[in-house]
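# Residue-level structure breakdown
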Amino acid sequence: MEKLKIEKKTKKVLYGNHAVSYGVKLSRVEVISAYPITPQTQVVELLSEMCGKKELNATFVNVESEHSAMAVCIGASITGARTFTATSSQGLLLMHELLHWAAGDRLPIVMAAINRAVGAPWSIWSDQNDTISQRDTGWMQIYCESNQEVLDSVILAYKVSERVFLPTMIVLDAFILSHTAEPVEIPDQEEVDEFLPPLDLPWALSPENPFAIGAVVSPSGPYMEFRYKIQKAMETALYEIEKAGEEFEKKFGRRWGLVEEFMMDDAETVIVSSGAISSTVKYTVNKIRKNENKKIGVLRIRVLRPFPFNKVRELLEGRKKVIVMDRNISFGLGGVFFNEIRSSLYTSRKKPKLIGYIVGLGGRDITPSDVYGIIKDAEKRKTSEDIIFWGLKEENINL
């Protein structure tokens, strides 16, 4: 007689920040170091409680700055420990120097970065400029839409990082995810252990294996070759992220890849989005499909680094119009996602018209009415447009 399968699934209503904490606990992280900053602090508060109650067998290192937090993670990771930190905005900028060191030393550190606008002027609300400005440091970057995706992505990040030996940044929107509670399925610990075995760093530093790391090299030395290898590892990560997503789906029933398609099959117009605003975009597109019977879909970019150029080109070429919504701006260039999309389509003979919108900077709301307005605005435009600021307030411009 066939035995009944007992599902080992637990659901909790979690803030996005606490979804990070549970993902870290399930990943059996061994060393945590962080400095508090709004809106990240809840992540490490809960982790410190887990450590204090012996629910998580990790060393929690209090430090005086984000720079030191990353230094601790680098030092511990070199010895083969699985490490974690979290930060946001100005704190992430203070880490900048050591982000390069972590990637250069090929250390599989995972960090949660809670998107928060960068000063000046001061803002604690969400936009992507803090993480976007770190996109060239050699860290993989994953932009999440939901709290379930946040928890799952932490586990997946260790899986991929420890295969390609590059660090990963898990990115979630300030307050929209970080302080908003959603039902989240907590995977069974035994199943996570099967999916994510202990870290085995081949060159782990130890008393039995002493060596120097990060020494000065001459121009004829291996510096340039180290950079070549990081690029090759990023290219390998494109495959490993999809592969790990398939393995995760088989075990836990959810799949997370490089991108997510929504109503794309017959879409003539596609809106490209990232992060939590993607839910608002999907809601609006679904209503337009039902009420106006228009062929419109959504492509959510989940992984910004490594950027999935081939995948994006395959999905967007031949469409009539592509609208890109960027919650960031590279001054003097435009939206970063827009420009990555444009690069991916450069060699295509079936380029769609591309229209880029800058939206929601400094946490300004992006409502379904905004998304609807952007779609209607794009419908009127006959040519490609690089940069359109949506939702500017005249009274603020004239201050």
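In the block above lies the structure referred to throughout.
What you see is a predicted model; the values in this text were computed from it and never measured.

Calculation rules
Residues numbered from 1 in each chain as written. Predicted model: local features only at pLDDT ≥ 70, side-chain atom pairs only at ≥ 80, totals over all residues. Heavy atoms only, no water. Helix = DSSP H or I, 4+ residues; strand = E, 2+ residues; numbered from the N terminus. Rg over C-alpha atoms; globule rule 2.2 N^0.38 Å. Buried < 20%, exposed > 50% of the residue type's maximum accessible area, 1.4 Å probe, protein only. Areas by Shrake-Rupley, 256 points an atom, 1.4 Å probe, with all protein chains shown as cover. Lys, Arg positive; Asp, Glu negative; His and termini not counted. Charge placed at Lys NZ, Arg CZ, Asp CG, Glu CD. Axes fitted to C-alpha atoms, helices over the stretch in contact; angles between N-to-C directions. Parallel < 35°, antiparallel > 145°, perpendicular 65-115°, else oblique. Left-handed = near helix turned anticlockwise from the far one by under 90°. Contact = heavy atoms within 4.5 Å. Nonpolar A, V, L, I, M, F, W, Y, C, P; charged D, E, K, R; others polar. Salt bridge = Lys/Arg side-chain N within 4 Å of Asp/Glu carboxyl O. Phe/Tyr/Trp six-rings, centres within 6.5 Å; stacked < 30°, edge-to-face > 60°.

## Focus: the overall build of the chain
A count of helical and extended segments in the chain gives 14 helices and 15 strands. At 21 Å, the chain has a C-alpha radius of gyration in line with the 21 Å of a compact globule built from 399 residues. Counting across all 399 residues of the chain, residues that qualify as buried make up 55%. Just so you have it, the chain exposes about 18500 Å², and 53% of that area is on carbon and sulfur atoms. Computed over 50 positive and 52 negative side-chain charges, the inter-centroid distance for the chain is 6 Å.

## Regarding the packing of helix α3 (residues 66-78) against helix α5 (residues 96-104)
Direction vectors running N to C along α3 and α5 enclose 10°, while the axes themselves pass 9 Å from each other. Considering their axes alone, α3 and α5 lie roughly parallel with respect to each other. Along this stretch, α3 crosses α5, giving a crossing that reads as left-handed. Counting all contacts with α3, which are made through H67, M70, A71 and I74, the residues of α5 involved are E97, L98, L99, W101 and A102. For the contact of α3 with α5, the residue count by class is seven nonpolar, one polar and one charged.

## Concerning the pattern of salt bridges
Opposite charge on two side chains permits pairing when their charged atoms draw close. The full count for this structure, using the stated rule, is 28 salt bridges. One salt bridge in this structure joins K159 and E247, with 3.9 Å as the shortest N-O distance. One end of the pair, K159, is in helix α7 (residues 147-164); the other, E247, is in helix α9 (residues 223-252), and 88 residues separate them in sequence. A relative accessible area of 12% means that K159 is categorised as buried. Put simply, E145, E149, E260, K282, R300 and R302 are held in one network by salt bridges that share partners.

## Describing the packing of aromatic side chains
Note on aromatic pairs: each is described by the distance of the centres and the angle between the planes. Per the counting criterion, the structure on display carries eight aromatic pairs. Pairing F195 with F252 gives two aromatic rings, centres 5.9 Å apart and planes at 75°, and the pair type is edge-to-face. Of the two residues, F195 sits in helix α8 (residues 189-195) while F252 sits in helix α9, which places them 57 residues apart along the sequence. Considered together, F195 and F252 belong to a single accessibility category, that of buried residues.

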